[in-house]
Amino acid sequence: MEMGASCEGIGFRGRPNVVRATESDPLSKVPDLIMPAFPTLQSLRAVLPFLLAAALFSAGVYALFRLLGPVKPADVAAQLQMIPTSLILAALGATIVGYISMIFYDYYALRFIGKSVDPGVVALGGFLGYAFGNTIGLSVVSGGAVRYRIYSAAGLNALEVAAVSAYVAGALALGLVSVGLFVVGFRPDAAVGLLPLNNDWLRLAAVIVLTVLVLGMVWISVAQPDLKFKSFDLRMPAPRDLFGQLVVTLVDILAAGFALWILLPAGKPDFATFTAIFSIAMMVGVISNVPGGIGVFEAVLLAALPSTVALDDSAAALLLYRLIYFVVPFVIAFLLVALNEVRLTEGWGGALLSRVPRTQSALAALHGMSPWLVGFVALGTGAYFLLVTIVPSVQADAISEGDIVGLLLVEGGTLTLALAGVSLMILSRGLARRVSSAYWLALAALAAGTVGTLLHDLDFQNAALLAVIALALLPFRRAFNRPGRLTEGVFETRWFLTVLGAALAAGMFLLFVHKAEPFNSGLWSEFSADSDLSRSLRAGLVATALLLVFAIYILTRPVRLKLPADSDPQSLARAADLARSAPDPQAWFSQTGDKRFLFSDSGNAFIMYAVRGGSWIALGDPVGDPDEFNQLCWSFAEVAAASNGRPVFYEVSGRNLPLWVELGLSLNKVGEEAVVRLEDFSLTGKKFKTMRAAFNKRQRDGYEFRISPAPHSEEFLQELGTISDSWLGGKSGREKGFSVGRFNPDYLGHFDIAVVTKDGRTIAFANTLVTRGGVNVAVDLMRYLPEEASGTMEFMFISLIEHYKAAGAEEFSLGAAPLAGLSERSIARSWIRFGRLIYRHGGVFYNFEGLRAFKQKFQPEWRPRYLALPANTSPLIALRDVALLIAGTTRGLVGK
């Protein structure tokens, strides 16, 4: 029951207005000044879902405020205290049942895709996914992101985890619709107030739609036909699993509904009727895309409840329901992650908690999500501070007339709470970015809030709660290791909308709590023991002013951006030193001379990239010290965003998949790399009989192989240049770049070059990329005389593999096969379908299938390569920019 829909970080995109200093200008060494740019139509379209969610949230809050107009806040507080403990325990029991049932969504999803995962890992992934996803609904800590971290540690790839998330969303949607239609057909009077139909028509419509839906699901499950709807294939689990999933969904919805129904006062409808109301309110909450459906869900539910239910009692029940069904599981899940952080430490806590069951690797995968969780806790705590400042102070009533000191303390406590609350909301973005200063300032703000709540109302319970929150944050200290200023980077639209929503909710709460008091201009200057409204207004003014000043500064500031280094000799040399020890020979493409570099602060890691259109395209994984990858990738993403560009990571491997998820990027498979495990390769045996015969024939025909070590003579390179020119002359394109090497003496001077000769005449060559002291090897340029094409490259590959196997290498990469291995599953995206179409029928431009078939002859291990990019960016747009960057021109795209 993930009511919080997944949201991705979206910022305005467009071309930056860059003011560059000229070479004659003495200020030419000053970093480029990036001025604010106007948003494009595409960026506005991307932000539209968030603006719509904000509008629905505002409408829900306003409707809720109107519905609760007759309700007195004191009556709600009194009703909360009157709810029997037995009912609270019953709601907690229903919550436990509901969350246990939700775990089975993941169980059936994994069965659907044919994957077996340890039950403990499934329970952990299911519980944490729903506990965080229900409450937060942000992309990085949504159910899908949590599942990815946990299930990827258990061996699932990104596409398989996406399939699990898609299954869960579809199962919940079908379950909600089915249960809602069934109950409306049984009790149509429950929805009369929400739909413009009478009982008979409602029952008839519900029965017809439900019948069609159920029969359709059963038919698809049994027959498994090839059905398509737009770009989606429609599939259902096997009948047994379908029945089990429907039972799970029914238990989930009934448990969630019972947790609220049991808390409602006398006069409530019977449970069957209430289930229909609950299902409708829940569906509207999910569709609204508001995290947790907050505001929208309550407004629909209160509007649908019969008039026999007292509004103040209903409001108390809804508030308690939110605490029990959403906040309590979130707190438990957050404490689990905090305990995991303790386990990762080297002290006594880590030793004590190191002996955990088989879920240890899955728990460890949650470490990268910690900053976002802490940021959300800070944001929520800050909003809570603002609400506390609005509640009338009981302590102020005890202040005697003329007690100026006591009055100032209460006034100061209220203002301190407001300032601490706004500070925590501002710091939440820095916490999500792992900024170390944000962590310490957040602890200071919590301490200030603790003092403020004591001064405001001598509220020891709230003070104890804040102390517990501060203690819970202590284990996360290791997660905040990034230096930097709090105002650096981009504050996304979703952050501003979230803060605006919190401010709107606080304003409505102020009007609700103090609606009995008359509003006039004299309230701003009224200082007395019983002027609670005046204190709240002043605190709100201070909080709003601080937020407004901060927002204006962020939105209007010019960003001084230190652009990453060009491919100057010093940068190239630093990159080459790091490439020698990289696990991926692709790191040597840093020497082609067509890239810029972004180095980490220590210089022990770098990203190589180039800019095309609106895309800042990094090639492959970061190179260097893995401990510095996180900060380096964040810096690259922020530099790109500050320039109104989109960060794109092209051809990344599977080594750092959690890193891309943490950055809020989506992963799209773009091909597979063919890697030969040299210890397993041998020409002997039946498997390579045909290849062995062809190789021996070439040797008898006078083919010879040798390695020319670097550096190379000018005459030797001129000879190879003639072969390269002939090879290029037979292609319809020109020399490619960026993701492949190029024939350049400076570039080739780094590498050994393999040469094939025939009767003493050089007919083909290939340079090899060697890393980790010869452990990992890859082939780069492979060029031959057109008239010697037949069998030459196969002879070259076999000779290279045999040579480096004898030299002690472990892996030999044959390079990537673009668009190979794209998913055939029904959940595949439309662009993947398009990629498969190009792969099969695009031979007029590039022989995709032929390339993979040639490499398959060597029986390699196929390793996926991905495109990581912001979720609001189409892979086709990013791949267009990548293709143009590689080809150089549009005409170059048709080259083979």
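As the structure is a computational prediction, the values presented were derived from the model and not from experiment.

(A) Just the overall build of the protein chain, in detail. From N to C terminus, the protein chain includes 30 helices and 17 strands. Expressed as a percentage of the 896 residues in the protein chain, the buried residues total 52%. Relative to all contacts within the protein chain whose residues are 6 or more apart in sequence, the contacts with residues 24 or more apart total 75%. For the protein chain, the exposed surface amounts to about 39300 Å²; the carbon and sulfur share of it is 64%.

(B) Spatial organisation of the side chain of Arg 698. Checked against the element boundaries, Arg 698 lands in helix α24 (residues 689-700). The side chain of Arg 698 sits in the buried core without any salt bridge; Asp 701 is the nearest counter-charge, 5.0 Å away. Non-local contacts of Arg 698, meaning those with residues more than four positions away in its chain, are made with Tyr 703, Ser 790, Gly 791 and Phe 795.

(C) Summary view of a nonpolar patch on the surface. Nonpolar side chains collect at one region of the surface, where Leu 319, Leu 323, Val 327, Val 331 and Leu 335 lie side by side and expose about 390 Å² of accessible area between them. Relative to the elements of secondary structure, Val 331 occurs in helix α11 (residues 311-343). What makes Val 331 partly exposed here is its relative accessible area of 39%.

(D) Quick peek at the packing of aromatic side chains. Counted according to the given criterion, the structure contains 38 aromatic pairs. Ring centres of Tyr 609 and Phe 636 lie 5.3 Å apart, and the angle between their planes is 70 degrees; this geometry places the pair in the edge-to-face category. With Tyr 609 in strand β7 (residues 605-612) and Phe 636 in helix α22 (residues 629-642), the pair connects residues that are 27 residues apart, well separated along the chain. For the pair Tyr 609 and Phe 636, a shared accessibility class is recorded, and that class is buried. Relative to Phe 858, the ring of Phe 797 lies with its centre 5.5 Å away and its plane at 65 degrees, an arrangement referred to as edge-to-face. Taken together, the residues Phe 797 in helix α27 (residues 792-806) and Phe 858 in the loop between α29 (848-856) and β17 (861-870) connect sequence positions 61 residues apart. The residues Phe 797 and Phe 858 share a single accessibility class, namely buried. Through a chain of ring-to-ring contacts, the aromatic side chains of Tyr 99, Phe 127, Phe 274, Phe 278, Phe 297, Tyr 321, Tyr 325 and Phe 326 assemble into a single cluster. The lysine or arginine in question, Lys 268, covers the ring of Trp 261, its NZ or CZ lying 4.1 Å from the ring centre. The ring of Phe 599 has Arg 574 sitting right over it, with the charged end atom 3.7 Å from the ring centre.

(E) Quick peek at unusual backbone geometry. Of note, the amide linkage connecting Ala 710 to Pro 711 takes the cis form, showing an omega dihedral of 0 degrees. Along the chain, Pro 711 turns up in the loop between β12 (703-708) and α25 (714-729). Its identity as a non-glycine residue notwithstanding, Arg 772 has a phi of 55 degrees, on the positive side. Tracing the chain through its elements places Arg 772 in the loop between β14 (761-771) and β15 (776-784).

(F) View of the pattern of salt bridges. Taken as a whole and judged by the stated rule, the model has 19 salt bridges. The salt bridge involving Asp 594 is made with Arg 742; its shortest N-O contact spans 3.3 Å. In this pair, Asp 594 sits in the loop between α21 (569-579) and β6 (596-599) while Arg 742 sits in the loop between α25 and α26 (745-748), placing the two residues 148 residues apart along the sequence. Across the pair Glu 788 and Lys 758 runs a salt bridge whose closest N-O atoms are separated by 3.8 Å. Within this pair, whereas Glu 788 is found in the loop between β15 and α27, its partner Lys 758 is found in strand β13 (residues 753-758), the two being separated by 30 residues in sequence.

(G) Highlighting helix α10 (residues 296-304). Where burial is concerned, most of α10 is hidden: eight out of the nine residues are buried. Turning to α10, its buried residues are Val 296, Phe 297, Glu 298, Ala 299, Val 300, Leu 301, Leu 302 and Ala 304.

(H) Inspection of the confidence of the model for the protein chain at higher detail. In the predicted model, the protein chain carries a mean pLDDT of 75, and 71% of its residues have values of at least 70. Confidence scores differ between elements of the protein chain, with strand β1 (residues 17-19) showing the lowest mean pLDDT of 32 and strand β9 (residues 623-624) the highest of 93. Predicted confidence for residues 1-44 stays below pLDDT 50, and this span has 124 contacts to residues more than four positions away or in other chains. Under a pLDDT of 50 for its full length, residues 892-896 has, in the predicted model, 18 contacts with residues more than four places off or in other chains.

(I) Geometry of the environment of Leu 781. In this structure, Leu 781 sits in strand β15. Between the C-alpha atoms of Leu 781 and Thr 768, which are 13 residues apart in sequence, the distance is 8.0 Å. Filtering out sequence-adjacent residues up to four positions away, Leu 781 remains in contact with Gly 741, Arg 742, Phe 743, Leu 748, Phe 765, Ala 766 and Asn 767.

(J) Representation of the pairing of β6. Inspection of the sheet shows β6 paired to β7 by four bridges, in the antiparallel sense. Its bridge partner lying in β7, Leu 598 is registered against Ile 607. Connecting the antiparallel pair β6 and β7 is a turn made up of five residues, with Gly 603 showing a positive phi of about 80 degrees.

(K) Region of the structure containing the side chain of Thr 771. As for its placement among the helices and strands, Thr 771 is situated in strand β14. Contacts of Thr 771, omitting those with residues within four sequence positions, involve Ala 579, Arg 580, Ala 582, Pro 583, Asp 584, Pro 585, Trp 588 and Asn 776.

(L) Fine view of the packing of helix α7 (residues 199-223) against helix α8 (residues 239-261). Two elements in contact, α7 and α8, have axes whose closest approach is 9 Å; the angle formed by their N-to-C orientations is 145 degrees. Residue-level contacts link Met 217, Val 218, Ser 221 and Val 222 of α7 to Pro 239, Leu 242 and Leu 246 of α8. Here the residues of the contact of α7 with α8 are counted per class, giving six nonpolar, one polar and no charged.

(M) Spatial organisation of the pairing of β15. Counting buried positions along β15 gives eight out of nine residues, so the element sits mostly inside the fold. The pairing of β14 with β15 spans seven bridges and is classified as antiparallel. Pairing of Thr 768 across the sheet is with Val 779, part of β15.

(N) Expanded view of helix α18 (residues 460-473). Helix length check: α18, at 14 residues, gives a terminal C-alpha distance of 20 Å against a target of 20 Å (1.5 Å per residue), a fit within 8%. Taken residue by residue, α18 has Asn 462, Ala 463, Leu 466, Ile 469, Ala 470, Ala 472 and Leu 473 as its buried positions.

(O) Layout of the packing of helix α3 (residues 85-112) against helix α4 (residues 119-135). Packing of α3 against α4 brings their axes to within 8 Å, and their N-to-C directions diverge by 120 degrees. Handedness of the α3/α4 crossing: right-handed. Seen from α3, the contacting residues are Tyr 99, Met 102, Ile 103, Tyr 105, Asp 106, Tyr 107 and Leu 110; seen from α4, they are Val 122, Ala 123, Gly 125, Gly 126, Phe 127, Tyr 130, Ala 131 and Asn 134. Here the contact of α3 with α4 is composed, by residue class, of 11 nonpolar, three polar and one charged.

Calculation criteria
Residues numbered from 1 in each chain as written. Predicted model: local features only at pLDDT ≥ 70, side-chain atom pairs only at ≥ 80, totals over all residues. Heavy atoms only, no water. Helix = DSSP H or I, 4+ residues; strand = E, 2+ residues; numbered from the N terminus. Buried < 20%, exposed > 50% of the residue type's maximum accessible area, 1.4 Å probe, protein only. Contact = heavy atoms within 4.5 Å. Areas by Shrake-Rupley, 256 points an atom, 1.4 Å probe, with all protein chains shown as cover. Lys, Arg positive; Asp, Glu negative; His and termini not counted. Salt bridge = Lys/Arg side-chain N within 4 Å of Asp/Glu carboxyl O. Patch = residues over 30% accessible without salt bridge, like charges linked within 9 Å, V, L, I, M, F, W, Y side chains within 5 Å. Phe/Tyr/Trp six-rings, centres within 6.5 Å; stacked < 30°, edge-to-face > 60°. Lys NZ or Arg CZ within 6 Å of the ring centre and 35° of its normal. pLDDT = per-residue confidence, 0-100. Pairing = 2+ DSSP bridges. Axes fitted to C-alpha atoms, helices over the stretch in contact; angles between N-to-C directions. Nonpolar A, V, L, I, M, F, W, Y, C, P; charged D, E, K, R; others polar. Expected span 1.5 Å × (residues − 1). Left-handed = near helix turned anticlockwise from the far one by under 90°.

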